[in-house]
Amino acid sequence: MKFCSTRGGAAGSTFEEAVSRGYAPDGGLYVPEQLPRLSLAELSLWQQLDFPSLQEEILKLFVGDELSAAELSEIVRGSYSCFSAPEIVPVVPLPGMTESTPGQDPPIFIAELFHGPTFCFKDLGLQPLVRLLARLAENRGSKRTFLVSTTGDTGPAAMRAVADAGSSRLRIVVFFPEGQISELQRRQMTTTMSAPDAKVQTARVASFEGGGDDMDLPLKRLGVDSDFAERHGLCGINSYNLGRPVCQMAHYFWSYFRAVDKLGAEMGTPIDIAVPSGALGNLAAGFMARQMGLPLRRLVAGVNSNDIAHRTIESGEFHRSEHMEKTLSDAINIQVPYNMERVFYYLTDEDPALVKSWMTEMDTSGKLTLAPEWIERLQAIFGSCRVDDDAMCSAMRRTLDEHGYLSDPHTAVGLAAAWAVYCSGKNAELSAPAAVVVLATASPCKFQASVTEAVGAARWAAYQAGPGFPQAARAAMAAQEQPLGRLIAQGSLQESHRAWETEVRLMLENAA
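Residues numbered from 1 in each chain as written. Predicted model: local features only at pLDDT ≥ 70, side-chain atom pairs only at ≥ 80, totals over all residues. Heavy atoms only, no water.

An unreviewed UniProt entry annotates the protein as Threonine synthase originating from Polarella glacialis. The protein has a UniProt comment under Sequence similarities (unreviewed entry) that states "Belongs to the threonine synthase family." Annotation of the protein in UniProt includes, under Cofactor (unreviewed entry), the sentence "pyridoxal 5'-phosphate". (UniProt positions renumbered as here; feature names shortened; annotations may be inferred.)

Listed below in structure tokens is the structure:
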């Protein structure tokens, strides 16, 4: 398989080139030149596989002969060896919402994506991606420096994946918005560096004064500076890296198969999936899986008050907001989701010239308004819902009170979106799917302040003291932290971008 940019460049790129560069040289995102198509018969065979075997089959389609079957198997098996659930991703019914009758709400299942070592869905993509990059670097005799901007979950998952890969050819630098991640998320990064058995010897973590995705542009500029990027082996592993949605497709196939199993339904039965959405890497993975033939009817994006994805789907307004809003679901605080570009690419039937013109307009003005025909196409595939903090807290309480299930705030956003779209009567013109799967993207253990705000201190304390609270989370909260770096805001956002880019360049040059 060969790869190209959503904006038309980089044709004929290899898998290694696509995942090692992150951004394409023309500023676009890498995509396959042609997505494979799967028949229902092939899907029925995949339905019988365990999760690691399913991931191997998916990755074979994209990696091709760039790694041997033995290498790929070792990478995948190692990636999931540290997960706490034997099935890797349990798909469980939401109690009381497991049966469907005509005219009634569809059954809801929860796909628990948080049983990895950092308790969030990012482990599912980053563990295999980092190990793939480590093996490719070892085979080539090169080194890789990962630059990561995180709204809370990607940073810890990336650092843990680098540690678990155990390769001397990898180093990582992580940046997070000051005051906008949870204490446990911060400690998962600062204590990874200081743990006595830590393998992350070349890691650095720094905060920056700004919103969740304010660091994205400086890192993108470094990544597309080909001379600088090559000299330092730069590689971005946020979800603009093609490897992230490719690896994350597995949990869509898996969740679909398990829902069909539980319904006793035939392969091909349409299922909808609700996705807590920020940078849209997870949503893009679902769209790519759908394009490959997975029978997903609609994908529903649940967003918080930073609602650009909802505004785009609802009215075609892909417009950057003036300000980032602080929310109780901080990990999806995004103003410009970079994976909307991949969504546009497949929405337009893979038209790179049109995507380039759209993204150039967005990059220049901060605004892109879609024509009605494109809004209609979007809405045929995607639903969306804006879920503010009050609605998120209400959904978390409802899930606990009525169904006995404690979710994290981001999963609560997904549940609120699912209920709003399917169970409120507001979309009566839509036929109900056979079931809705809500992706549970993180464990509630990571979000003490938000969970306490929603369900109260007593219920948080009961959860924290109970058997469901991970021991590793307790250990991280008790461990000693290492000092952080800090990038200071410089007047306007544009001035900050320039200053931060310069600081990171110096940081990498001095560490070389």
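(A) Local environment of the overall build of the protein. From N to C terminus, the protein includes 21 helices and 15 strands. Computed over the C-alpha atoms, the radius of gyration of the protein is 21 Å, within 12% of the 24 Å expected from 2.2 N^0.38 for a compact globule of 512 residues. By its C-alpha atoms, the protein is 65 × 50 × 50 Å across when sized along the principal axes. The buried share of the protein, reckoned over its 512 residues, is 62%. Taking the contacts inside the protein whose residues are at least 6 apart along the sequence as the reference set, 77% of them involve residues at least 24 apart. By element, 48% of the accessible surface of the protein is carried by carbon and sulfur atoms, the whole surface being about 18800 Å². (Helix = DSSP H or I, 4+ residues; strand = E, 2+ residues; numbered from the N terminus. Rg over C-alpha atoms; globule rule 2.2 N^0.38 Å. Buried < 20%, exposed > 50% of the residue type's maximum accessible area, 1.4 Å probe, protein only. Contact = heavy atoms within 4.5 Å. Areas by Shrake-Rupley, 256 points an atom, 1.4 Å probe, with all protein chains shown as cover.)

(B) Layout of the layout of surface pockets. Quantified by volume, the largest pocket comes out at close to 990 Å³. Surrounding the largest pocket, 30 residues form its lining, Leu217, Arg320, Val336, Asp363 and His497 being those nearest its centre. Taken together, the elements giving at least two residues each to the lining of the largest pocket come down to helix H8 (216-224), helix H14 (352-365) and helix H21 (493-511). Residue classes in the lining of the largest pocket are distributed as ten nonpolar, nine polar and eleven charged. As for the second largest pocket, its lining consists of 28 residues, of which Arg144, Ala229, Glu230, Gly233 and Leu234 are closest to the centre. Listing elements by their share of the lining of the second largest pocket, those giving two or more residues are helix H1 (15-21), strand E5 (144-149), strand E6 (170-177), H8 and helix H9 (226-232). Per-element accounting of the lining of the second largest pocket gives the leading share, five residues, to H9. Here the lining of the second largest pocket is built from residues that sort into nine nonpolar, nine polar and ten charged. (1 Å grid on protein atoms, 1.4 Å probe; cavity = no way out; pocket = protein on both sides within 12 Å on 5 of 7 lines; lining within 4 Å. Points joined across faces, edges and corners; volume = space filled by probe spheres on them. Nonpolar A, V, L, I, M, F, W, Y, C, P; charged D, E, K, R; others polar.)

(C) Layout of the packing of aromatic side chains. For the structure shown, the criterion picks out 19 aromatic pairs. Their ring planes at 70 degrees and their centres at 6.1 Å tell us that Tyr256 and Phe257 sit as a pair that is edge-to-face. Here Tyr256 and Phe257 have matching classes, each one buried. Ring geometry for Trp460 against Tyr463: centres 5.5 Å apart, planes inclined by 65 degrees, an arrangement best described as edge-to-face. Residue Trp460 and its partner Tyr463 are both found in helix H19 (residues 457-465); the two are separated by three residues, about one turn of the helix. The two residues Trp460 and Tyr463 agree in class, both being buried. Taken together, the aromatic side chains of Trp46, Phe253, Tyr256 and Phe257 make up a single cluster linked through ring pairs. A cation sits over an aromatic face here: Arg398 above Trp419, 3.8 Å from the ring centre. The lysine or arginine in question, Arg505, covers the ring of Phe228, its NZ or CZ lying 4.7 Å from the ring centre. (Phe/Tyr/Trp six-rings, centres within 6.5 Å; stacked < 30°, edge-to-face > 60°. Lys NZ or Arg CZ within 6 Å of the ring centre and 35° of its normal.)

(D) Spotlight on the packing of helix H5 (residues 122-140) against helix H10 (residues 243-263). Taken N-terminus to C-terminus, the directions of H5 and H10 make an angle of 130 degrees; their axes are 8 Å apart at the nearest point. Put simply, H5 runs oblique to H10. With respect to the hand of their crossing, H5 and H10 are arranged in right-handed fashion. For the pair H5 and H10, the contacting residues are Lys122, Leu124, Gly125, Leu126, Pro128, Leu129 and Leu132 in the first and Gly243, Arg244, Cys247, Gln248 and His251 in the second. (Axes fitted to C-alpha atoms, helices over the stretch in contact; angles between N-to-C directions. Parallel < 35°, antiparallel > 145°, perpendicular 65-115°, else oblique. Left-handed = near helix turned anticlockwise from the far one by under 90°.)

(E) Expanded view of the sheet that holds strand E10 (residues 296-303). If you trace the six strands from one edge of the open sheet to the other, you get E3-E4-E14-E9-E10-E13, paired in mixed fashion. If you trace the sheet from one side to the other, it starts and ends with strand E3 (91-93) and strand E13 (382-386), each paired once. On average, adjacent strands in this sheet sit at an angle of 25 degrees to one another, irrespective of strand direction. Pairing between strand E9 (residues 271-276) and E10: five bridges, direction parallel. Each bridged residue has a counterpart across the sheet, and for Ala274 the counterpart in E10 is Val300. Here helix H17 (residues 409-422) sits on the sheet and contacts strand E4 (108-112), E9, E10, E13 and strand E14 (436-440); the angle it forms with E10, its principal contact strand, is near 125 degrees. (Pairing = 2+ DSSP bridges.)

(F) Broad picture of the UniProt feature "domain: Threonine synthase N-terminal" (unreviewed entry) in the protein. Here the UniProt-annotated "domain: Threonine synthase N-terminal" (unreviewed entry) positions come out as residues 2-80. The distance separating the terminal C-alpha atoms of residues 2-80 is 27 Å; by composition the span is 48% helix and 8% strand.

(G) Broad picture of empty space enclosed by the protein. In the structure shown here, the tally under the stated rule is three cavities of 30 Å³ or more. Here the largest cavity defines a volume of roughly 340 Å³. Lining of the largest cavity is provided by 31 residues; of these, Phe121, Lys122, Thr151, Ala279 and Ala331 occupy positions nearest its centre. Listing elements by their share of the lining of the largest cavity, those giving two or more residues are H10, E9 and helix H11 (281-292). When the residues that make up the lining of the largest cavity are grouped by side-chain class, the tally is eleven nonpolar, 14 polar and six charged. Approximately 90 Å³ is the volume found for the second largest cavity. Residue lining of the second largest cavity: Arg21, Tyr23, Thr145, Leu147, Leu219, Gly223, Leu234, Cys235, Gly236 and Tyr240, and that is the complete set. Breaking the lining of the second largest cavity down by element, the ones donating at least two residues are E5, H8 and strand E8 (234-236). Of the residues belonging to the lining of the second largest cavity, the class tally is six nonpolar, three polar and one charged.

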